[in-house]
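Close look at the chain arrangement
Single-letter residue listing:
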Amino acid sequence: MLKLKSELSLPAVGLTGFETPLCEEEAAIQGVVHQFARDVLRPIGRELDKMTAAEVCAPGSPFWSVFEEAAKLGMTPDLLEQFEPAVAHRLESMIGEEMGWGDAGLAVSLTVMNFPLEMARAVGNQELVELCAGKIGCWMITHPDKGTDVGAFDMQREWPAGQPGNKGSMLARVGADEIVINGQCSAWVSNGAVAQVALGYLSADYGNGFLDENGRPHGVTVIIPLDLPGVSRGKPLEKIGQRALPQGEIYFDNVKVPKRFAVALQDEYYGNVASAWSFAGTHMGQVFTGVARAAFEMALHYCHERKQGGQLLIDHQLTRYRLGDMLRRVELCRAVARRSLAYARQSPSGHPWATASGKVTVTEEAEKVVTEAFRLFGGNGTTLEYPIEKLVRDVRAALIEDGENTMLTTRLGYLCQQLYAEGWTQG
Ligand SMILES: Cc1cc2nc3c(=O)[nH]c(=O)nc-3n(C[C@H](O)[C@H](O)[C@H](O)COP(=O)(O)OP(=O)(O)OC[C@H]3O[C@@H](n4cnc5c(N)ncnc54)[C@H](O)[C@@H]3O)c2cc1C
């Protein structure tokens, strides 16, 4: 029904923009996470940004206190299960957005941290749940020789005919009782430099070679404790952005993992990759909605400080247009990120490329918002004095992180082709 106002008033607005009313629990959790993002993630993220990659990971670094502070929030993976799905999805989205608003690198670190535990819970393996609980985890799927190729599932459509698939640089031999791992993961694995446990995706030989008759690599998904003999690390990676997120190579020299630590063997492997990516890829949308919002807020504030043309920037019509354009893009990011998350959590059959379409839209829009905010700061934005320059560096990596955006969009196009072949849109 039409809602009538008796006088002209401003719209209802909250931390997350033009939001429908939050229930009591949502408002309380959002408030707590916002405070954590403002008082812990943002200042520590800025401090870590100025340190070398090795200093970030060193004992005594402020990086470690983030985990201690986060633990106090009590945001365990089962927190959301007590809410009905619509509330749970909005809460999950709001938590991710606040964290991204605080610091993108730390937000990614904190979300990836629980991924091995989430997988152990999903397969219902209590031994692995106990192994992963309370530990810093990572998701190890890309290798030096296998970046974009990790998403090539469909050999017929995606791979040059007759050419064997890409096994990558980290390989497993699966025996009767144990899995022996050799090689290395890519330097890009988030938390790779500090993780205690990995959720590993590897090409595997079950005794009949690494490739099936169509050239597609066999695979295994396995939880790997990273204190096993034969595990070593490279130097933490120096990057231009998300510097608070420790990344770096992990090497495996005849590392022996009990076979019962496998969560998907042989025929279950590609389904497991798809479920993991469909689930986890949603986080990028929430985190970079938060980054876009942070850039918008910084620009809005600056426009109320800086005078040019005889008046504050905010009083120029063109500047108001630019802020309006940024705000509508932040709202777009939020809407797409939430829809993508709800689909991934609730649909009976999600898909990585469906999740990835949300990630592409959000990160491309976030990059536009951050760039526009940076330009609104004029020359000041290019100095280290104003925090907007950090967001410019942080958002760049998001266009590649979790899959490079042009390739993810191409894969969405393959999905259109596949769905059309099944009759979609032809009714
Ligand atoms: C901040 C950050 C965090 C990350 N976190 C993780 C993590 O937690 N775990 C993990 O395993 N990995 C992680 N990654 C790795 C990330 O998934 C890869 O960097 C990404 O998938 C791209 O792979 P690549 O870097 O090897 O680039 P490449 O695959 O070598 O691509 C290089 C360029 O070639 C293009 N290209 C590639 N293939 C094709 C093709 N078939 N046709 C046309 N063009 C093509 C791409 O679009 C790209 O522009 C992270 C990366 C970053 C930057």
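Residues numbered from 1 in each chain as written. Predicted model: local features only at pLDDT ≥ 70, side-chain atom pairs only at ≥ 80, totals over all residues. Heavy atoms only, no water.

Some remarks on the environment of Gly45
Counting through the fold element by element, Gly45 comes out in helix H1 (residues 24-49). Here Gly45 falls in the buried class, since its relative accessible area comes to 0%. Sequence separation between Gly45 and Pro62 is 17 residues, and the spatial gap between their C-alpha atoms is 9.0 Å. In this view, Gly45 contacts Val40, Asp103, Leu106 and Lys390; residues no more than four positions away in its chain are not counted. (Helix = DSSP H or I, 4+ residues; strand = E, 2+ residues; numbered from the N terminus. Buried < 20%, exposed > 50% of the residue type's maximum accessible area, 1.4 Å probe, protein only. Contact = heavy atoms within 4.5 Å.)

Brief notes about unusual backbone geometry
Phi is positive for Asn191, which is not a glycine, with a value near 75°. Along the polypeptide, Asn191 turns up in the loop between strand S3 (178-184) and strand S4 (197-205). One non-glycine residue with positive phi stands out, namely Gln242, at about 45°. Residue position: Gln242 is located in the loop between strand S6 (231-233) and strand S7 (250-258). Residue classification places Gln242 among the buried positions, given a relative accessible area of 3%.

Digging into the domain arrangement of the chain
Partitioning the chain into domains gives domain 1 (24-113), domain 2 (137-266) and domain 3 (281-421). Placing a centre on the C-alpha atoms of domain 1 and another on those of domain 2 gives a separation of 27 Å. Facing the 18 residues of domain 1 at the interface are 15 residues of domain 2. Summed over both partners, the interface of domain 1 with domain 2 comes to about 1200 Å²; 67% of that surface belongs to carbon and sulfur atoms. Considering only the surface of domain 1 that becomes buried against domain 2, Ala53, Cys57 and Val112 emerge as the three largest contributors, covering 34% of it. Inspection of the region where domain 1 meets domain 2 yields 0 salt bridges. Counting the contacts that link domain 1 with domain 2 gives 5 residue pairs in polar contact (both at pLDDT 80 or more). It is helix H5 (residues 104-113) that provides the largest number of residues to the side of domain 1 that touches domain 2, a total of 7 residues. (Domains from an automatic or database assignment. Buried area = accessible area lost by both parts, 1.4 Å probe. Salt bridge = Lys/Arg side-chain N within 4 Å of Asp/Glu carboxyl O. Polar contact = N/O pair within 3.5 Å; in protein donor to acceptor, adjacent residues only side chain to side chain.)

Digging into the site of the ligand
As a structural note, the neighbourhood of the ligand is formed by 17 residues, with Trp139, Thr142, Thr148, Ser190 and Glu404 the closest of them. At a separation of 3.0 Å, a nitrogen atom of the ligand approaches a polar backbone atom of Trp188. Contact with the protein chains removes 65% of the 970 Å² of surface that the ligand exposes when unbound. Broken down by secondary-structure element, the contributors of at least two residues to the shell around the ligand are strand S1 (137-140) and helix H14 (405-421). A breakdown of the residues in the shell around the ligand according to their chemical character gives 7 nonpolar, 7 polar and 3 charged. Residue contributions to the shell around the ligand reach at least three from each of two domains, namely domain 2 (137-266) and domain 3 (281-421). (Near = heavy atom within 4 Å. Areas by Shrake-Rupley, 256 points an atom, 1.4 Å probe, with all protein chains shown as cover. Nonpolar A, V, L, I, M, F, W, Y, C, P; charged D, E, K, R; others polar.)

Things to note about the nonpolar core
Of all hydrophobic cores here, the largest spans 119 residues; its most connected members are Met140, Ile181, Val220, Ile224, Leu226, Phe252 and Phe288. Sequence-distant contacts of Ile224, defined by excluding residues within four places in its chain, comprise Met170, Ile181, Gln196, Val197, Ala198, Gly200, Leu202, Phe252 and Val257. (Core = buried A, V, L, I, M, F, W, Y, C linked by side-chain atoms within 4.5 Å.)

Looking at H14
Along an α-helix, residues three or four apart share an orientation, since each turn contains 3.6 residues. The end-to-end C-alpha distance of H14 is 24 Å, a good match for the 24 Å that 17 residues give at a rise of 1.5 Å each. Along H14, the positions that sit buried rather than exposed are Asn405, Leu408, Arg411, Leu415 and Gln418. When H14 is viewed along its axis, its buried side chains cluster within an angular range of 120° and face the same direction. Exposed and oriented more than 90 degrees from the buried face of H14 are Thr406 and Ala421. In this structure, the buried residues of H14 make contact with helix H8 (155-158), helix H9 (269-280), helix H12 (352-376) and helix H13 (388-398). (Expected span 1.5 Å × (residues − 1). Arc of directions from axis to C-beta.)

Thoughts on the state of the cysteines
Linking two cysteines covalently via their sulfur atoms produces the bond known as a disulfide. Under the criterion given, the structure shown has 0 disulfides. The structure places no disulfide on Cys185, whose sulfur is separated from the nearest cysteine sulfur, that of Cys138, by 6.8 Å. (Disulfide = S-S within 2.5 Å.)

Considerations on the pattern of salt bridges
Tallied over the entire structure, the rule returns 25 salt bridges. Of the charged contacts, one joins Glu26 and Arg90 as a salt bridge, the two residues approaching to 2.7 Å between their closest N and O atoms. Linking Glu26 in helix H1 with Arg90 in helix H4 (residues 85-102), this pair joins segments that are 64 residues apart in sequence. Each member of the pair, Glu26 as well as Arg90, carries the same accessibility label: buried. Linking Glu81 and Arg121 is a salt bridge whose minimum nitrogen-to-oxygen distance equals 2.5 Å. Linking Glu81 in the loop between helix H3 (62-73) and H4 with Arg121 in helix H6 (residues 115-123), this pair joins segments that are 40 residues apart in sequence.

Some remarks on the packing of aromatic side chains
The final tally for this structure, using the stated rule, is 9 aromatic pairs. An angle of 80° between the planes, with centres 5.2 Å apart, marks the rings of Phe115 and Trp139 as edge-to-face. Of this pair, Phe115 sits in helix H6 while Trp139 sits in strand S1; the two residues are 24 residues apart in sequence, bridging distant segments of the chain. A relative accessible area of 7% means that Phe115 is categorised as buried. By relative accessible area, Trp139 is classed as buried at 14%. When the centroid spacing of 5.9 Å and the interplanar angle of 85° are considered together, the rings of Tyr302 and Tyr386 count as edge-to-face. Within this pair, whereas Tyr302 is found in helix H10 (residues 282-303), its partner Tyr386 is found in the loop between H12 and H13, the two being separated by 84 residues in sequence. You can call Tyr302 buried: its relative accessible area is 4%. Taken together, the aromatic side chains of Phe63, Trp64 and Phe67 make up a single cluster linked through ring pairs. The positively charged end of Arg42 is found above the aromatic ring belonging to Trp101, 3.8 Å away from the centroid. One cation-aromatic arrangement involves Arg345 over Phe279; the distance from NZ or CZ to the ring centre is 3.9 Å. (Phe/Tyr/Trp six-rings, centres within 6.5 Å; stacked < 30°, edge-to-face > 60°. Lys NZ or Arg CZ within 6 Å of the ring centre and 35° of its normal.)

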